[in-house]
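Breakdown of the fold
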Amino acid sequence: MSPLPLHSARWLINPRYKPAGNSSNDDAWDEITSWPGYAATPLVALPELARDLDVGGIFYKDEGGRFGLGSFKALGGAYAVLRMLQRTITAQTGETPSATQLRAKSHPGITSSITVTTATDGNHGRSVAWGASQFGCRAVIYIPADCSPAREAALAALNAEVVRIDGGYDDAVARCAGDAAENRRTVISDTSWDGYRDIPREVTQGYRVMAEEALRQMPGGAPPPGGAPPSHIFIQGGVGALPAAICGHFSGLPAKPRVIVVEPEGAACLYASAKAGTASAAPDPVYSVMAGLNCGSASPIAWEILDRNAFAFMTIPDESAGDCMKLLADGSLGGRPIIAGESAVAGLAALISAAHGARTPLGLGPDSQILLFGTEGATDPEIYAKMVGSLPIKRE
Ligand SMILES: Cc1ncc(COP(=O)(O)O)c(C=O)c1O
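Residues numbered from 1 in each chain as written. Predicted model: local features only at pLDDT ≥ 70, side-chain atom pairs only at ≥ 80, totals over all residues. Heavy atoms only, no water.

A look at the overall build of the chain
- When its secondary structure is counted, the chain shows 16 helices and 11 strands.
- Here the C-alpha radius of gyration of the chain, 20 Å, is about what a compact globule of 396 residues would show, namely 21 Å.
- In terms of overall dimensions, the chain has a C-alpha envelope of 60 × 45 × 45 Å along the principal axes.
- Sequence separation of 24 or more characterises 73% of the internal contacts of the chain that already satisfy a separation of 6 or more.
- Accessible surface computed for the chain: about 15000 Å², of which carbon and sulfur atoms make up 51%.
- Computed over 32 positive and 40 negative side-chain charges, the separation of the two mean positions in the chain equals 3 Å. (Helix = DSSP H or I, 4+ residues; strand = E, 2+ residues; numbered from the N terminus. Rg over C-alpha atoms; globule rule 2.2 N^0.38 Å. Contact = heavy atoms within 4.5 Å. Areas by Shrake-Rupley, 256 points an atom, 1.4 Å probe, with all protein chains shown as cover. Lys, Arg positive; Asp, Glu negative; His and termini not counted. Charge placed at Lys NZ, Arg CZ, Asp CG, Glu CD.)

Regarding the packing of helix 10 (residues 241-250) against helix 12 (residues 300-309)
- Where helix 10 contacts helix 12, the axes come no closer than 9 Å and their chain directions differ by 50°. By the angle class used here, helix 10 and helix 12 are oblique. For the crossing formed where helix 10 meets helix 12, the hand is left-handed. Across from Ala241, Pro243, Ala244, Cys247 and Gly248 in helix 10, the residues of helix 12 making contact are Ala302, Ile305, Leu306 and Asn309.
- Among the residues making up the contact of helix 10 with helix 12, the classes are represented as seven nonpolar, two polar and no charged. (Axes fitted to C-alpha atoms, helices over the stretch in contact; angles between N-to-C directions. Parallel < 35°, antiparallel > 145°, perpendicular 65-115°, else oblique. Left-handed = near helix turned anticlockwise from the far one by under 90°. Nonpolar A, V, L, I, M, F, W, Y, C, P; charged D, E, K, R; others polar.)

A word on the packing of aromatic side chains
- One pass over the structure, following the stated rule, counts nine aromatic pairs.
- Ring plane angle 55° and centroid distance 6.3 Å describe the contact between Tyr38 and Phe67, whose orientation is recorded as tilted. Taken together, the residues Tyr38 in the loop between helix 1 (26-32) and strand 2 (43-45) and Phe67 in the loop between strand 3 (57-62) and helix 3 (77-93) connect sequence positions 29 residues apart.
- By relative accessible area, which is 21% here, Tyr38 ends up partly exposed.
- Each ring, one from Trp193 and one from Tyr196, has its centre 4.4 Å from the other, and the planes form 20°; the classification is stacked.
- We classify Tyr196 as buried; its relative accessible area is 13%.
- Members of the aromatic cluster, each reached through a chain of ring pairs, are Trp35, Tyr38, Phe67, Trp130 and Phe135.
- Above the face of the Tyr271 ring, Arg10 is positioned so that its terminal group lies 4.4 Å from the ring centre. (Phe/Tyr/Trp six-rings, centres within 6.5 Å; stacked < 30°, edge-to-face > 60°. Buried < 20%, exposed > 50% of the residue type's maximum accessible area, 1.4 Å probe, protein only. Lys NZ or Arg CZ within 6 Å of the ring centre and 35° of its normal.)

Examining the side chain of Glu376
- Within the element layout of this structure, Glu376 appears in the loop between strand 11 (369-374) and helix 16 (381-388).
- Arg151 is the oppositely charged side chain nearest to the buried, salt-bridge-free Glu376, at an N-O distance of 4.2 Å.
- A polar side-chain atom of Glu376 sits 2.9 Å from the main-chain amide nitrogen of Ser343.
- At 2.7 Å, the side chain of Glu376 forms a polar contact with the side chain of Thr379. (Salt bridge = Lys/Arg side-chain N within 4 Å of Asp/Glu carboxyl O. Polar contact = N/O pair within 3.5 Å; in protein donor to acceptor, adjacent residues only side chain to side chain.)

Section: the packing of helix 3 against helix 9 (residues 198-217)
- It is at 7 Å that the axes of helix 3 and helix 9 come closest, and there the two elements cross at 130°. With respect to helix 9, the element helix 3 is oriented oblique. Where helix 3 crosses over helix 9, the two elements pack in a sense that is right-handed. Facing Gly77, Tyr79, Ala80, Arg83, Met84 and Arg87 of helix 3, the residues of helix 9 in contact are Ile199, Glu202, Val203, Gln205 and Gly206.
- Of the residues that constitute the contact of helix 3 with helix 9, the class distribution is five nonpolar, three polar and three charged.

Overview of empty space enclosed by the protein
- What the rule picks out here adds up to two cavities of 30 Å³ or more.
- Residue lining of the largest cavity: 28 residues in total, with Phe72, Lys73, Asn123, Gly292 and Leu293 positioned closest to the centre.
- Of all the elements in the fold, those that place two or more residues in the lining of the largest cavity are helix 6 (123-135) and helix 10.
- The leading source of residues in the lining of the largest cavity is helix 10, at three residues.
- Lining the lining of the largest cavity are residues from two domains, each supplying at least three of them: domain 1 (10-73 + 205-388) and domain 2 (94-189).
- Of the volumes computed, that of the second largest cavity is approximately 50 Å³.
- Elements supplying a minimum of two residues to the lining of the second largest cavity: helix 13 (319-329) and helix 14 (346-357).
- Of all the elements, helix 14 adds the most residues to the lining of the second largest cavity, at three residues. (1 Å grid on protein atoms, 1.4 Å probe; cavity = no way out; pocket = protein on both sides within 12 Å on 5 of 7 lines; lining within 4 Å. Points joined across faces, edges and corners; volume = space filled by probe spheres on them. Domains from an automatic or database assignment.)

Topic: the layout of surface pockets
- Considering only enclosed or pocket space, the largest pocket measures out at about 360 Å³ in volume.
- Asp62, Arg336, Ile338, Ile339 and Lys394 are, among the 20 residues lining the largest pocket, the residues nearest its centre.

Examining the sheet that holds strand 1 (residues 10-13)
- Strand order in the open sheet made by the seven strands is 1-10-9-8-11-3-2, with mixed pairing throughout. What marks the edges here is a single partner per strand, and that holds for strand 1 and strand 2. Across the sheet, the mean angle from the axis of one strand to that of its neighbour is 20°, orientation sign disregarded.
- The sheet contact formed by strand 8 (residues 232-236) and strand 11 spans three bridges and is parallel. Across the sheet, the residue bridging to Ile233 is Leu371, located in strand 11. (Pairing = 2+ DSSP bridges.)

Some thoughts on the domain arrangement of the chain
- Parsing the chain into structural domains produces domain 1 (10-73 + 205-388) and domain 2 (94-189).
- When each unit is reduced to the centre of its C-alpha atoms, the spacing between domain 1 and domain 2 is 26 Å.
- Across the boundary between the two partners, domain 1 contributes 22 residues, which contact 15 residues of domain 2.
- In total, domain 1 and domain 2 occlude about 1600 Å² of area from one another, counting both sides; carbon and sulfur atoms represent 51% of this.
- Inspection of the region where domain 1 meets domain 2 yields one salt bridge. (Buried area = accessible area lost by both parts, 1.4 Å probe.)

Below is the structure:
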């Protein structure tokens with residue numbers, strides 16, 4: 001195995017952590033697992049890495065193949081678009097069409113008059129645009145100034161109107177919401193704000209499908225279906241919707257896994273929130289090469305869950321992303337070669353640091369079973385090639 005890259009990481013144990021909670025998410029599970037093209041993404045064991053870090057097991061959930069959109073975000077935005085359209089149609093007609101009926105254009109007069117909109121660094125917008133194209137409404141997607149051309153093209157390929165703004169992700173969120181109010185568009189955001197909570201909550205419910213799949217795929221549990229829960233989950237966060245979904249889903253288990261929320265050093269709004277004890281912004285300037293994690297402000301509804309349910313918060317430097325992408329690409333961690341995008345590997349980078357520098361406070365040891373979520377594949381192949389040194393070509 002290649003030598004592991006050791007980068008300095010910061011960690012903070014959450015003083016407000018509560019060991020028990022509850023969990024239920026049947027609606028999103030039943031809905032999304034019935035969609036055409038649905039398949040559980042693979043959970044890959046990394047035994048060489050587990051041996052090297054002296055822990056019991058490490059499992060990597062590879063989201064690169066999710067619905068052909070390249071990331072776990074496919075589960076959230078599209079699901080929220082569907083639920084919003086169903087609610088609107090029910091309010092106007094008393095009928096609630098299924099996803100299948102909407103795909104077959106059951107209510108074209110209503111859906112074609114609706115425009116959904118969001119801000120994105122790429123992945124969430126792709127999910128919203130995909131939902132809009134399937135269920136028959138229009139989409140206007142706002143991207144920050146530095147969003148890559150390939151990610152813009154992926155949005156346009158789904159028939160979305162793309163608006164590139166002069167500013168960062170948080171400016172795009174504000175501009176999208178302002179334009180939506182003027183143009184009667186419906187915001188389908190993964191982040192929340194005062195008075196805007198229900199749709200982001202539905203987005204988060206979609207992500208929990210990934211968490212449930214992972215739980216069923218973990219080895220050693222009682223069939224059918226279901227594996228033994230992990231002892232630790234290292235999960236990367238942007239605005240926090242993803243780690244909130246993971247915390248929400250796993251907190252109902254009798255033995256609640258320790259969830260460690262990981263962010264880039266340069267965009268650590270959740271770490272800042274943990275220090276402040278309230279949803280907060282990252283210190284300026286906000287920047288990370290990990291585009292999906294490059295967010296300056298925590299989502300308040302995500303923070304409400306993380307506040308009690310995240311066990312610890314960590315930050316990692318940007319340099320660790322490329323190192324971890326290479327380790328996964330060459331297959332030396334013990335599983336098969338894995339194509340991981342730059343926002344997919346923060347959890348892995350944090351685990352490597354923590355296994356050396358924070359074993360005792362995080363409770364890591366030879367019995368630990370660790371779950372990582374590789375949240376995207378090569379969603380921009382050119383950026384991937386630059387960071388890894390080779391093209392994202394699948395090798396089994
Ligand atoms: C690949 C990837 N991983 C993780 C995240 C973080 O998710 P959230 O912003 O919901 O915390 C994102 C966000 O866009 C992402 O695209």
